[in-house]
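Listed below, chain by chain, are the residues.
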Amino acid sequence: MISRKYFVNSQLTVENNRNKIRSNTKNKPAYNVQVGSSGQFILGYSLHQRPGDTRCLLPHLETVREKYGVEPERLIADAAYGSEENYVKLEEKHISALIKYHTYEKENTRKVKKNPHHQQNWTYVEEEDVWICANGKKLVRTGTSKQTTESGYTSVTRHYQCHECEGCPFRSACTTSKYGRTTQWNPVYHEQKQKARERLESEEGQARYRQRQTDIESVFGQIKQNRGFRRFVLRGLQKVSIEWGLVCAAHNLLKKAARDKQLSLVA
């Protein structure tokens, strides 16, 4: 049984090995392997029959909770997991998420920061629910759209449009639409991204996020490169899950033996 004390700094690093470990069949279908690790020890895993990682995170955490009865206090993952639903659900579970969203790196580029026509450089007037562009014109709200995930989470996006683009000296640089500049904004996702950015850019957050590569990437490097495990030999999700479980157990035992040997030499 895995208890909370086995989580180094009470954190869980999540990563995938999407489309790289395959079943040994004619068509070679892939399984999306999700692994939680700490200190390069595997703490939990789950397999999924879907290509994307975003919708695997919450089911993965639920699997770990059901098997071991614990949840991490802190979770570190790459931008593939940075969705509105994941941020909101992790916050509800009181799990601190060090997860980049998919536009995080782009927003940090000089090109975007210096672009006066990018939405992040505009001003939002909450009282009027309008955006003010670089030329001081208003983009008014024109509608709202909703999108519901398969898990039942509903995301609400607001749509805005400027009706004063005619004759604007910045129009060619701002938009190519004959109807004027438009933009969309999700206030809930925007708030979650701001919180994620604050956590990631803190001194502690930067140090912990750097640790992710040496933690989880080393696990897959050991299994795939050093031990040569690149294909499943069984068929079916249940059997493949058992096979991967044996691989994880072997990894942990070898890791424990190597660490004990290192400690004995030091002593």
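In this report, the structure presented in the accompanying data block is examined. This is a predicted model, so every value here is computed, not measured. (Residues numbered from 1 in each chain as written. Predicted model: local features only at pLDDT ≥ 70, side-chain atom pairs only at ≥ 80, totals over all residues. Heavy atoms only, no water.)

Section: the overall build of the protein chain
What the protein chain contains, in helices and strands, is eight helices and twelve strands. The 267 residues of the protein chain split such that 42% are buried. When the accessible surface of the protein chain is split by element, carbon and sulfur atoms take 49% of a total near 15,500 Å². (Helix = DSSP H or I, 4+ residues; strand = E, 2+ residues; numbered from the N terminus. Buried < 20%, exposed > 50% of the residue type's maximum accessible area, 1.4 Å probe, protein only. Areas by Shrake-Rupley, 256 points an atom, 1.4 Å probe, with all protein chains shown as cover.)

Some thoughts on helix α8 (residues 237–266)
For α8, which comprises 30 residues, the first-to-last C-alpha distance of 43 Å matches the rise-based estimate of 44 Å (1.5 Å per residue) to within 8%. Packed against the buried residues of α8 are β3 (32–38), β4 (41–48), α7 (203–226) and β12 (231–232). (Expected span 1.5 Å × (residues − 1). Contact = heavy atoms within 4.5 Å.)

Things to note about the environment of V140
Note on placement: V140 falls in strand β9 (residues 138–148). Its relative accessible area of 30% is what places V140 among the partly exposed residues. In this structure the C-alpha to C-alpha distance between V140 and E128, which are twelve residues apart in sequence, comes to 8.5 Å. If we ignore the near neighbours within four places in the chain, the residues touching V140 are V130, H159, Y160, Q161 and H163.

Examining unusual backbone geometry
It is generally the case that most residues other than glycine have a negative phi and that most peptide bonds are trans. Phi at Q40 takes a positive value of approximately 65°, unusual for a residue other than glycine. Along the chain, Q40 falls in the loop between β3 and β4. Backbone geometry places D129, a non-glycine residue, at a positive phi of 55°. What makes D129 buried here is its relative accessible area of 14%.

So, the sheet that holds strand β7 (residues 123–125)
Strand order across the open sheet formed by five strands is β7-β8-β9-β10-β11, with antiparallel pairing between neighbours. Here the strands that pair on one side only, and so sit at the sheet edges, are β7 and β11 (182–185). Each adjacent strand pair in this sheet contributes to an overall mean axis angle of 35°, direction not counted. Relative to strand β8 (residues 130–132), β7 is paired through three bridges, and the arrangement is antiparallel. Bridged to V125 within β8 is V130. (Pairing = 2+ DSSP bridges. Axes fitted to C-alpha atoms, helices over the stretch in contact; angles between N-to-C directions.)

Things to note about the nonpolar core
Counting 18 residues, the largest nonpolar core has L57, L75, Y87, L90 and I99 as its most contacted members. If you list the elements that add at least two residues to this core, you get α1 (57–68), β5 (74–77), α2 (84–92), β6 (96–99) and α6 (187–201). Non-local contacts of L90, meaning those with residues more than four positions away in its chain, are made with L57, L61, L75, I95, A97 and I99. (Core = buried A, V, L, I, M, F, W, Y, C linked by side-chain atoms within 4.5 Å.)

Some points on the packing of α6 against α7
The contact between α6 and α7 brings their axes to 4 Å, and the two run at 80°. When the interaxial angle is binned, α6 and α7 end up roughly perpendicular. Residues R199, L200 and E201 of α6 touch α7, and the partners they reach there are E203, G205, Q206 and Y209. Looking at the contact of α6 with α7 residue by residue, the classes come out as two nonpolar, two polar and three charged. (Parallel < 35°, antiparallel > 145°, perpendicular 65-115°, else oblique. Nonpolar A, V, L, I, M, F, W, Y, C, P; charged D, E, K, R; others polar.)

A look at α2
All of the buried residues along α2 are E84, E85, N86, Y87, V88 and L90. On its buried side, α2 packs onto α1, β5, β6, β10 (154–162) and α6.

Some details on the packing of aromatic side chains
According to the stated counting rule, one finds ten aromatic pairs in the structure shown. With a centroid separation of 5.6 Å and an interplanar angle of 85°, the aromatic rings of Y101 and Y104 are classed as edge-to-face. Of the two residues, Y101 and Y104, neither departs from the other in class, the shared state being buried. An angle of 45° between the planes, with centres 6.1 Å apart, marks the rings of F229 and W244 as tilted. Of this pair, F229 sits in the loop between α7 and β12 while W244 sits in helix α8, placing them 15 residues apart in sequence. (Phe/Tyr/Trp six-rings, centres within 6.5 Å; stacked < 30°, edge-to-face > 60°.)

Concerning the pattern of salt bridges
By the definition in use, this model includes 18 salt bridges. Taking the shortest distance from any N to any O, the salt bridge between R50 and E150 comes out at 2.5 Å. With a gap of 100 residues between them, R50 in the loop between β4 and α1 and E150 in the loop between β9 and β10 connect regions that are remote in the sequence. Taking the relative accessible area as the measure of exposure, R50 reaches 22% and is therefore partly exposed. Looking at E150, the relative accessible area reads 57%, which means it is exposed. Between R74 and E204 there is a salt bridge, and its shortest N-O distance comes to 3.6 Å. Note that R74 is positioned in strand β5 and E204 in helix α7, a separation of 130 residues in sequence. We classify E204 as partly exposed; its relative accessible area is 44%. (Salt bridge = Lys/Arg side-chain N within 4 Å of Asp/Glu carboxyl O.)

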